[in-house]
Amino acid sequence: MRIAYKIPLAILLALAVGLTYFLTNQRLEGLLAAHRATLDSIGEMERLEAVLDEHLLRAAHQLYYDFDAINGQIRALRRRLVTLRDDPYLADAAFAPAREHFDEYAQRLDTKEAAILRFGTVNSLIKNSTTHIPTLAHRFLTQFGREPSDDAYLRDISHVTSVVFIANRSLDEAFLGALAESVKRLDGYHFDDPERERFHEMFLAHARVFLRYLPTYRKALEGALAAPTRESLDAAKKHFLTISRGRADEIRLINGLTTTAFITAIGLIVYLLLQTARLHRRLETSAATDPLTGLPNRFAYERDQLLRQSRNPGQAATLLLLNIDRFRAVNDFYGNLAGDALLRQLSERLRQAIAGDPALTLYRLGGDDFCVLATDGADDPGTLPFRLLEQAEGASYQFDGHALPLNLSIGVSREEPLREKADMALRHIKRRRGKVLEYHPDLGIEERVRSNLQLIRLLRRVIDRGAVVPHFQPVFDNRPDALDENGRPSIAYYECLMRLEDEQGDLLFPNTFLPIAQEGRLYGRLTRLMVEKCVARFAGRAERFSLNLSVEDILDPETTDHLFATLAAHPGTGPRLTLEILESEAIADYEEIHRFAAKAREHGCHIAIDDFGAGYSSLAHVLNLRVDNLKIDGSLIKDLDHDPNARALVSAIVEFADEVGIPAVTAEFVHNQAVLDHVVALGIHYSQGFHLGRPGPDLA
């Protein structure tokens, strides 16, 4: 054959090989992408299953636990299951066995959810009695004292308290025999004193509940944990991998045929096979690798922990949990690409810090959380946090020519469960704005969590009982034409202040419950109860009154709608109401504040800025709101009688209000006559404080 024909034939052959390679490669890439996405979804379900069981174990062994986390895990599993069932990659008839196992998993998940519901019901009974038994034992000592005749009785209730605590923590039914004997002995006690007899019956009732339900409780927990959902997932995963790999084998066969048919394109075929092998290796490691940093991910950490605990159950380990301070600010200010760049650069610094030590493993757990696991043989794990800080914070981080800030906080734990306790230490040190903290029981983290949960339960009971008790502090008119015959200011209006009443009739003040109410998302419900009671109290009266609203209240549509609906239901109340907006650094959405103020004025309400001058004042904000009253913060007023700087600053605020046409200025924290004299001399219109009138449940 002449060369003129060989060249076009070689070109056609090369084009055919190239086209065959291109089509084959495209199909393989699509297969791998779909395979990886499906495998990631299955892996996420496996992780959710593990976290769900972890939540169940925490709920069983912790005194207080939020079952919303458990329900959230179940909802997440169901959403992920719906995604898998709708996956077009799995719609192929070849994946029918895998789909059948997913259907089987759905049925078993229903069974597990029912078992969890049973466990939750018994859990509430057990934890309620576990909480009350030691409380009642303490109450016996504090309420009735200790007499010599009580010694045997005290030993029995102390024994019951100890056995209940140990049995609850261990879930060991072997303790029930001793508990039953103590309960039997306690059954023989009777007291002539009605109070003691009521205490005795209540203590016995809780002991019997624990005695009766602990076996059921353990079985309910074991039933929830033993639900065979993971077996269905494993079976579905195995079928999926087998079928998917079979498809990949088909593609490799096409490549082999192409290689055999077109010897001249052998180099391309070899390249394709090498690429295929590389993609398969990536597929095998993708489930346990963080795609952004290339580090082992949370799934890899949990897998490695399970392997370590199964192979070396007594092996000591230290976990360092690292978190970037204010990482969200980096994303908000520089953009998500900058945040990703920061994470990649930090991961490289941390890699360098632990390089050469095989007993150290670095993971990215997700978000801006990293951890380093140090096992036996690590070089001085006690100094490791500081080496990591020096390596990480001493480096420069760049994105698009800009330096990125980076500071780390590290929580350390040497106690199982490592991650949970390291996270406790991390959150504790972040609140204190520190750098490194190792978990220790003496930190009192669990005690603070228990205290917060007790207060949240108390707040919920207060809300259920409607036990919000408004107190009213009079605000006095300082102007000369408002003075009474003795020259004292007269009452201009009342500021409504929130108090809560517990079951014993004691009052709780805002500084004890507001932070917890905000964290527990109960703050809005308290505000709405306060609005109802105060508006109802002043409806049909002549007095003016004011209500405090935080920025959170104003940004909560449920609270603002409730306020305006309450005012609409009590015509004539709005024009006598002043809404005091608490000045705070949290004010960011000024437009929403302005819209709220405009709607409040439609109901006739006045607007005041509370705590003005406390440090976050925005004069433009005050002008745009067209406020009716500036309430000067007590930190400035309380020193007027001896601090010339305070007098100068307050005088400037009064002049500012007069210049911009603000109708009234109020002084808070007027605590003696000397301060009141300066307030009047400065031309402040209204004053309030303990010197003039304390808050109380009745109108002065």
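1. Remarks on the overall build of the protein chain
Alright, step 1. Within the protein chain, the secondary structure is distributed over 23 helices and 16 strands.
Alright, step 2. Every one of the 700 residues in the protein chain was classed for burial, and the buried ones make up 45%.
Alright, step 3. Carbon and sulfur atoms provide 55% of the accessible area of the protein chain, an area that totals close to 35,000 Å².

2. A look at the confidence of the model for the protein chain
Alright, step 1. Residue-level pLDDT values for the protein chain average 82, and 87% of them are 70 or greater.
Alright, step 2. Per-element confidence in the protein chain is highest for strand 16 (residues 686-687), whose mean pLDDT is 95, and lowest for helix 8 (residues 266-286), whose mean pLDDT is 57.

3. Quick notes on the pairing of strand 15 (residues 664-667)
Alright, step 1. Taking every second residue as pointing to the same face, both faces of strand 15 are buried, with Ala664 and Thr666 on one and Val665 and Ala667 on the other.
Alright, step 2. Pairing analysis gives four bridges linking strand 14 (residues 629-632) to strand 15, with the strands arranged parallel. By the bridge assignment for strand 15, Ile632 is matched with Ala667.
Alright, step 3. As paired elements, strand 15 and strand 16 share two bridges and run parallel to each other. Counterpart to Thr666 in the pairing with strand 16 is Tyr686.
Alright, step 4. Assessed by its sense of winding, the connection that carries the chain from strand 15 through helix 23 (residues 673-681) to strand 16 is right-handed.

4. Here we look at the nonpolar core
Alright, step 1. Core analysis: the biggest nonpolar cluster contains 70 residues, and Leu500, Leu547, Leu579, Leu630, Ile632, Ile637 and Ile684 have the highest contact counts within it.
Alright, step 2. Looking at which element gives the most residues to this core, the answer is helix 16 (residues 523-538), with eight residues.
Alright, step 3. Once you skip the residues sitting within four places of it in the chain, Ile684 turns out to touch Asn478, Ile632, Ile637, Val650, Val654, Val665, Thr666, Ala667 and Val679.
Alright, step 4. Counting 61 residues, the second-largest nonpolar core is a separate cluster that includes Tyr89, Phe102, Val122 and Leu179.

5. Considering a nonpolar patch on the surface
Alright, step 1. A cluster of nonpolar side chains, namely Ile11, Leu12 and Leu15, defines an oily patch on the protein surface of about 320 Å² accessible area.
Alright, step 2. In this structure, Leu12 sits in helix 1 (residues 3-61).
Alright, step 3. A relative accessible area of 55% places Leu12 in the exposed class.

6. Re helix 18 (residues 557-569)
Alright, step 1. Under the 1.5 Å per step criterion, the end-to-end length of helix 18 is 18 Å for 13 residues, consistent within 8% with the ideal 18 Å.
Alright, step 2. Along helix 18, the residues classified as buried are Thr559, Thr560, Leu563, Phe564, Thr566 and Leu567. Looking straight down helix 18, one finds its buried side chains confined to an arc of 155°; they lie on one side. Facing away from the buried side of helix 18 by more than 90 degrees, the exposed set consists of Pro557, Glu558, Ala568 and Ala569.
Alright, step 3. In this structure, the buried residues of helix 18 make contact with helix 16, strand 11 (544-549), helix 17 (551-554), strand 12 (577-582) and helix 19 (590-602).
Alright, step 4. Two or three places before Glu558, at the start of helix 18, stands the capping residue Asp556, its side-chain oxygen 3.1 Å from that residue's backbone nitrogen.

7. Focus on the sheet that holds strand 2 (residues 360-366)
Alright, step 1. The strand order across the open sheet built from five strands is 2-3-1-6-7, with neighbouring strands paired in mixed fashion. Every interior strand has two partners, whereas the edge strands, strand 2 and strand 7 (436-438), have only one. When the angles between neighbouring strand axes are averaged without regard to direction, this sheet yields 20°.
Alright, step 2. Across the sheet, helix 12 (residues 384-393) is in contact with strand 1 (317-324), strand 2, strand 3 (369-375), strand 6 (408-413) and strand 7; its angle to strand 6 comes to roughly 160°.
Alright, step 3. The strands touched by helix 13 (residues 418-431) are strand 1, strand 2, strand 3, strand 6 and strand 7; relative to strand 6, the strand with the most contacts, the crossing angle is about 140°.

8. Considering the side chain of Arg308
Alright, step 1. Following the sequence through the fold, Arg308 ends up in helix 9 (residues 298-311).
Alright, step 2. Classification of Arg308 by relative accessible area gives buried; the value is 8%.
Alright, step 3. For Arg308, the side chain forms a polar contact with the side chain of Glu416, separated by 2.9 Å.
Alright, step 4. Leaving out residues up to four positions away in the same chain, Arg308 has contacts with Pro313, Gln315, Ala317, Leu373, Thr375, Glu416 and Leu418.

9. A look at the pattern of salt bridges
Alright, step 1. Counting across every chain of the model gives 29 salt bridges.
Alright, step 2. In this structure, Arg185 and Asp156 form a salt bridge, with 2.9 Å as the shortest nitrogen-oxygen distance. With Arg185 in helix 5 (residues 176-187) and Asp156 in helix 4 (residues 151-170), this pair connects stretches of sequence that are 29 residues apart.
Alright, step 3. Judged by its relative accessible area of 7%, Asp156 is buried.
Alright, step 4. Note that Lys435 and Glu393 form a salt bridge whose closest N and O atoms lie 2.5 Å from each other. With Lys435 in the loop between helix 13 and strand 7 and Glu393 in helix 12, this residue pair connects regions lying 42 residues apart in the sequence.
Alright, step 5. One salt-bridge network, held together by shared partners, links Glu495, Glu580, Lys631 and Glu668.

10. Regarding unusual backbone geometry
Alright, step 1. Pro417 follows Glu416 through a cis peptide bond whose omega is -10°.
Alright, step 2. Structurally, Pro417 is set in the loop between strand 6 and helix 13.
Alright, step 3. Positive phi outside glycine occurs at Arg326, with the angle close to 55°.
Alright, step 4. Within the fold, Arg326 resides in the loop between strand 1 and helix 10 (327-334).
Alright, step 5. Even without being a glycine, Asp400 presents a positive backbone phi close to 55°.
Alright, step 6. With respect to the element layout, Asp400 can be found in the loop between strand 4 (398-399) and strand 5 (402-403).
Alright, step 7. Judged by its relative accessible area of 65%, Asp400 is exposed.

11. Brief notes about helix 11 (residues 336-354)
Residues lying three or four places apart along an α-helix face the same way, a consequence of the helix completing one turn every 3.6 residues.
Alright, step 1. A rise of 1.5 Å per residue sets the reference length of helix 11, with its 19 residues, at 27 Å; its end C-alpha atoms lie 27 Å apart and thus fit the reference within 8%.
Alright, step 2. For helix 11, the complete set of buried residues consists of Ala338, Gly339, Ala341, Leu342, Leu343, Leu346, Ser347, Arg349, Leu350, Ala353 and Ile354.

The rules we used
Residue indices follow the written sequence of each chain, beginning from 1 at its first position. This being a predicted model, a pLDDT of at least 70 is required before a residue's local features are given, and a value of 80 or more before pairs of side-chain atoms are given or counted; all residues contribute to the totals for chains, interfaces and linings. The side-chain numbers reported here are obtained from all heavy atoms of the structure, hydrogens and water having been left aside. The way it works is that DSSP assigns letters per residue, a run of H or I at least four long becomes a helix, a run of E at least two long becomes a strand, and they are numbered from the N terminus. Any residue under 20% of the maximum accessible area for its type is buried, any over 50% is exposed, and the rest in between are partly exposed; the area is computed with a 1.4 Å probe on protein chains only. For the accessible areas, the method is Shrake-Rupley and the probe is 1.4 Å, while residue cover comes only from the protein chains on display. The quantity called pLDDT is the predictor's confidence in a given residue, expressed from 0 to 100. Between any two strands, pairing holds if DSSP finds at least two bridges. When the strands point away from the viewer, a crossover counts as right-handed if the path from the first strand over the helix to the second runs clockwise. As used in this record, nonpolar core signifies buried Ala, Val, Leu, Ile, Met, Phe, Trp, Tyr and Cys residues forming a set joined through side-chain atoms within 4.5 Å. In this description, contact between two residues means that some pair of their heavy atoms is separated by no more than 4.5 Å. In this scheme, patches are assembled from residues that exceed 30% relative accessible area and form no salt bridge. Like charges are connected within 9 Å, while nonpolar side chains (Val, Leu, Ile, Met, Phe, Trp, Tyr) are connected within 5 Å. The salt bridge definition used is simple: a Lys or Arg side-chain nitrogen within 4 Å of an Asp or Glu carboxyl oxygen. Multiplying 1.5 Å by the helix residue count minus one yields the expected span of that helix. What the arc covers is the set of directions going from the helix axis to the C-beta atoms. Think of a polar contact as two N or O atoms within 3.5 Å of one another; within protein, one of them needs to be a possible hydrogen donor and the other a possible acceptor, and neighboring residues in sequence only count if both atoms come from side chains. To define axes, lines are fitted to C-alpha atoms, for helices over the stretch in contact only, and angles between the resulting N-to-C directions are given on a 0 to 180 degree scale.

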